[in-house]
Amino acid sequence: MGSLESGVPLKRDPLLRSSSNGGRSDRHLFLQRPRSRFSRFMLLKKLDYLQWICTVAVFLFFVVLFQMFLPGSVVEKSGALIRKNVESSSGDLRFLQELGLLDFGEDIRFEPSKLLEKFRKEASLSSASNRTLQHFGLRKPQLAVVFADLLVDSHQLQMVTVAAALQEIGYEFWVYSLEDGPARGAWRSLGVPVTIIQTCDQPEIVVDWLKYNGILVNSLEAKGIFSCFVQEPFKSLPLIWTIHEKALATRSRKYSSSSQTELLNDWKRVFNRSTVVVFPNYFLPMIYSTFDAVNFFVIPGSPAEACKADSIVALDKDHLQGTAGYEPEDVVITIVGSQFLYRGLWLEHSIVLRALLPLLEDLLLDNNSSRLKIIVLSGDSTSNYSSAVEAIAYNLKYPSGIVKHAAIDVDADNVLSTSHLVIYGSFLEEQSFPDILIKAMCLGKPIVAPDLSMISKYVDDRVNGYLFPKENIRVLSQIILQVISKGKLSPLSRNIASLGKRTAKSLMVLESVEGYALLLENVLKLPSEVSHPKAAAEITPKWKEKWQWHLFEAVSNSSYLDRNLRSHAFLDVFEEQYNHTEQQKLNSIIGSDHSFIYSIWEEEKYTEMANSKRRKEEEMLKDRTDQYHGTWEEVYRNAKKVDRTKNDLHERDEGEIERTGQPLCIYEPYFGEGTWPFLHLTSLYRGIGLSTKGRRPRTDDIDAPSRLPLLHNPYYRDLLGEYGAFFSIANRIDRIHKNAWIGFQSWRATARKASLSGIAENALLNAIQTRRHGDALYFWVSMDNDPRNPLRQDFWSFCDAINAGNCKVAVSEALKRMYGLNDLESLPPMPVDGDTWSVMHSWALPTRSFLEFVMFSRMFVDALDAEMYNEHHSSGRCYLSLSKDKHCYSQLLELLVNVWAYHSARRMVYVNPETGAMQEQHKFKSRRGHMWVKWFSYSTLKNMDEDLAEESDFEHPTRRWLWPSTGEVFWKGMYEKERHLRNKQKEKKKQKSREKIERIKKRTHQKAIGKYVKPPPEAADNSNTTMVTSI
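Residues numbered from 1 in each chain as written. Predicted model: local features only at pLDDT ≥ 70, side-chain atom pairs only at ≥ 80, totals over all residues. Heavy atoms only, no water.

Caption draft 1: Structural view of the overall build of the protein. Helix and strand counts for the protein stand at 41 helices and 25 strands. Looking at the 1031 residues of the protein, the share that counts as buried comes to 51%. Within the protein, contacts between residues separated by at least 24 positions form 75% of all contacts whose residues are at least 6 apart in sequence. In the form shown here, the protein has an accessible surface area of approximately 52000 Å², with 51% of it arising from carbon and sulfur atoms. (Helix = DSSP H or I, 4+ residues; strand = E, 2+ residues; numbered from the N terminus. Buried < 20%, exposed > 50% of the residue type's maximum accessible area, 1.4 Å probe, protein only. Contact = heavy atoms within 4.5 Å. Areas by Shrake-Rupley, 256 points an atom, 1.4 Å probe, with all protein chains shown as cover.)

Here it is in structure tokens:
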């Protein structure tokens, strides 16, 4: 296989082909190298004798010289050897393949087979379902397009063209940019709203990205926006990142060689986060192989080369010719080729140079010089290919200075702009139209190319370019003599170049538009309420024929920027900031280590001094006083008392103190750092984190998993959503919530600007304190204003629309399992009376009623889990969603509070979130005869709850059962059980005391031998005798 001259690791077929566990025969198919078409042509077609000998001579020269592109000084030493080998060679080149030196790069291919296989597998899984899944097209799919800036460049032109086409088949677009620019006008002409935002590290303007079905990010410079998408809850959003620049691929080699692994890994994390990374040609994914996460994809087509050509044309061509050292009479021919460098490339160049020899004779001057200038544009500035070009020219008898080599990465624009004719000298079957030819055609240069399939698809011979059969190189010489006549381009060639320029300006628009449409069709997982867009084939041809240049004509600054230069400047700034940040972290760690060690030494010194002082005081007071230390039982009891009260000694912050005297506390459930900007900081609100990792620092937010261990399981945390917060608060609620009323508000309500304003908050608190509506459910996000319900459907129709048409089926099955019914003829009626319902978990209730609602919800969720767990946990599929969905029945639970509140005879009051105006919904008069009060009454639910608690407490069932894990397990029998346990402990303690007394009484006492009797004072003076009295 060929290798990239730049040294970047090159990927071939094994990059994205089928998995390695395939059969032996499959592997053999991939490992077997296909025979080069060019080699077949060399083996089977007859060439003229002179051309044959020259070709063999050049090749045999490189057998000796060209193993590693030897310097040009070796050429003279090898001449004799070449002539000798030419004489001993015949016309058979079969031995070239046997030597393995005839490689024309035909195994250099990029095929995203693993990604395509993933798409096929997901499509087959979505079609396989045990139940009928319905699709409701209530709203269009919404896409967010993110740019680093809105300056006019090829990225803007391409995405405006793609968006205009996709709008026609049913997509809606929103544009976000980190910087403003003149391209805003082009987007506005399409009716697309434009918003200027900051990165998530500077959240001045925050966005709820969950409202979009997909994100399209453009260019390397938009890397800053990825800080939003690597945080929960935006991690799972489909994200397509389009990269046009080569700058990062070049820098990655420097990162690896300089051991900047952290910087390299930082970029790898961004590539890994992307669902699909899109490139406009097949060369870029190969040089970006360092970052490949099996998510690379190619959508051919980009106006980048056309935009560059416009900028080059603006320069003075005569000035460029003078700068290049050419005279006005010179004829400059440029030989270009594939972007890949392979070992057979020099042979292709030698054949093209051989075909140019007749033109050299026509333009030869008397002084053995020529007006012909040939430039071989290939390789990069780090290669030594110029020595190979000099060797080829020397052996083909070109005069010195006629044939030169130029590097693509340095001189491509200048060389092409000063050329009169461009010849494509590569016989490699490319997967897309070569970019270098697009640029040459956009510059108005006539092109001559072999009739390769990808080139002949867009170039018609002698219409917008010249084609020659790759099997007959003699035709190439004839075409060149027709194009250049008497030292000038022929009029026909000028007309052909003009038509070629017109063709190149809109080349591959069709592939780009349809490529994005098909990719979105495979990547996006649309919910059931979102309409499927039309097929890509239904796009009107006018959107697929040309780039939308006219939308940028009105822009005052319409000069197209060179994005590659800006990318290098961006990477320079990024590396500087990254290194500065890392250095600051290192310095802070070192400084903190020093300060930490010093603080430990100071603390130890102070402790030692205090201990020494205390010991001295104890020694001075020793034997002066008798202190009663109590019994060991008293000491143990006091220690346990301190342990029990230790948790109550924490310092209470201002919010907690203010919250104590309020009648209402509204909890805001959240998951991940991406939700922090949408949470309130006032005392009326309190956050509750569904995950320990993503909690806000320096706040008194509640850690839900510590109160409900079930939430440590990511499966149930995603499945329950806000209901995880409900269950965790209700679990031993008196320890955390001491207010008479409790409320909840989704962070997405704040993002949608549907949260309570200050006026509405005061109105709600006033209604609660005055008990205006009694035991009521107050809600402020209505179903009629939900973007998912543009048609304002009734309750059950809306529930079906957002749950793949199976909401009523799921509720019916859950209620039957919950109440132990064999058959349920109808669902709880939710009448259509012109009023609205609550959505998005934004409501308030009396705390006592909230506990009753949680009691009902726990049993309902347990029934749903028993119905869906096996299929959903094993395959990720759920019949409430059209595709794999880790949230499954969370949207059904979103509406459950309405069913409970309506049928438990609670008032339902809608609060306008802006004005605070209140309006009662579904009044009691209209409910008569429709409510299932018996099924939703407190006594019924309490009895069911106690039955489940008794079963869990006594029987300890071994089956998988969710209900005991969602809250407290309590029933009346637990009083007797606890009292019996306390009595048993008291009786055991009394028994131990009696046994201890009996042991003391039964001890054997030893009789005293004698005792000392102190003599009276007078006797002590007269006698020193001691009396001993025996007992």
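Picking up where we left off.
Caption draft 2: Region of the structure containing the nonpolar core. Counting 104 residues, the largest nonpolar core has Y778, M818, W843, F850, F860 and Y889 as its most contacted members. Tallying contributions element by element places helix α34 (residues 847–875) first for this core, with 12 residues. Every residue in contact with Y778, bar those within four places of it in the chain, is listed here: W741, L764, A767, I768, H773, S842, W843, A844, V909, V911 and M918. Formed by 96 residues, the second largest nonpolar core is a distinct cluster that contains Y212, L239, L360 and A393. (Core = buried A, V, L, I, M, F, W, Y, C linked by side-chain atoms within 4.5 Å.)

Caption draft 3: Summary view of helix α11 (residues 261–273). For α11, with 13 residues, the first-to-last C-alpha span of 18 Å sits near the 18 Å given by 1.5 Å per residue. Listed as buried for α11 are L263, L264, D266, W267, V270, F271 and R273. (Expected span 1.5 Å × (residues − 1).)

Caption draft 4: Molecular detail of the pairing of strand β1 (residues 142–147). Of all 6 residues in β1, 6 are buried; the element is thus mostly enclosed. Every second residue of β1 is oriented toward a common face, with Q142, A144 and V146 on one face and L143, V145 and F147 on the other, all of them buried. Across 6 bridges, β1 lies against strand β2 (residues 172–177) in parallel orientation. Bridge pairing links V146 to Y176 in β2. In this fold, β1 hands off to helix α7 (residues 154–168), which returns the chain to β2; that crossover is right-handed. In this structure, β1 lies alongside strand β4 (residues 214–218), joined through 4 bridges in parallel fashion. Residue pairing for β4: V146 is matched across the bridge by V217. (Pairing = 2+ DSSP bridges. Right-handed = clockwise from strand over helix to strand, strands pointing away.)

Caption draft 5: Representation of the packing of helix α10 (residues 247–257) against α11. Between α10 and α11, the shortest axis-to-axis distance is 9 Å and the interhelical angle comes to 140°. Judged by the angle between their axes, α10 and α11 are oblique. Judged by residue contacts, L248, S252, Y255 and S256 of α10 engage L263, L264, W267 and F271 from α11. Here the contact of α10 with α11 is composed, by residue class, of 6 nonpolar, 2 polar and no charged. (Axes fitted to C-alpha atoms, helices over the stretch in contact; angles between N-to-C directions. Parallel < 35°, antiparallel > 145°, perpendicular 65-115°, else oblique. Nonpolar A, V, L, I, M, F, W, Y, C, P; charged D, E, K, R; others polar.)

Caption draft 6: Structural view of helix α29 (residues 722–730). Across the 9 residues of α29, 9 count as buried, placing the element largely inside the fold. Within α29, burial applies to E722, Y723, G724, A725, F726, F727, S728, I729 and A730. R732 occupies a position one or two residues after α29 and carries a positive phi of about 55°.

Caption draft 7: A look at the packing of aromatic side chains. Counted by the stated rule, this structure contains 45 aromatic pairs. A centroid spacing of 6.3 Å and a plane angle of 50° characterise the contact between W209 and Y212, whose relative ring orientation is tilted. The exposure classification of W209 matches that of Y212, with both residues buried. With 5.6 Å between their ring centres and 85° between their planes, F433 and Y458 make a pair best called edge-to-face. Of this pair, F433 sits in the loop between β11 (421–424) and α19 (435–442) while Y458 sits in the loop between α20 (453–456) and β13 (466–468); the two residues are 25 residues apart in sequence, bridging distant segments of the chain. Following the ring pairs from residue to residue traces out a cluster consisting of Y667, Y723, F726, F727, F744, W843, F850, F853 and W900. (Phe/Tyr/Trp six-rings, centres within 6.5 Å; stacked < 30°, edge-to-face > 60°.)

Caption draft 8: Examining the pairing of β11 more closely. Burial along β11 is two-sided: the face carrying L421 and I423 and the face carrying V422 and Y424 are both buried. In this sheet, β11 lies alongside strand β8 (residues 331–336) in parallel orientation, the contact comprising 4 bridges. Considered in β11, the bridge of V336 is made with Y424. Relative to strand β12 (residues 447–450), β11 is paired through 2 bridges, and the arrangement is parallel. Bridged to I423 within β12 is V448. With α19 bridging β11 and the parallel β12, this β-α-β connection has right-handed handedness.

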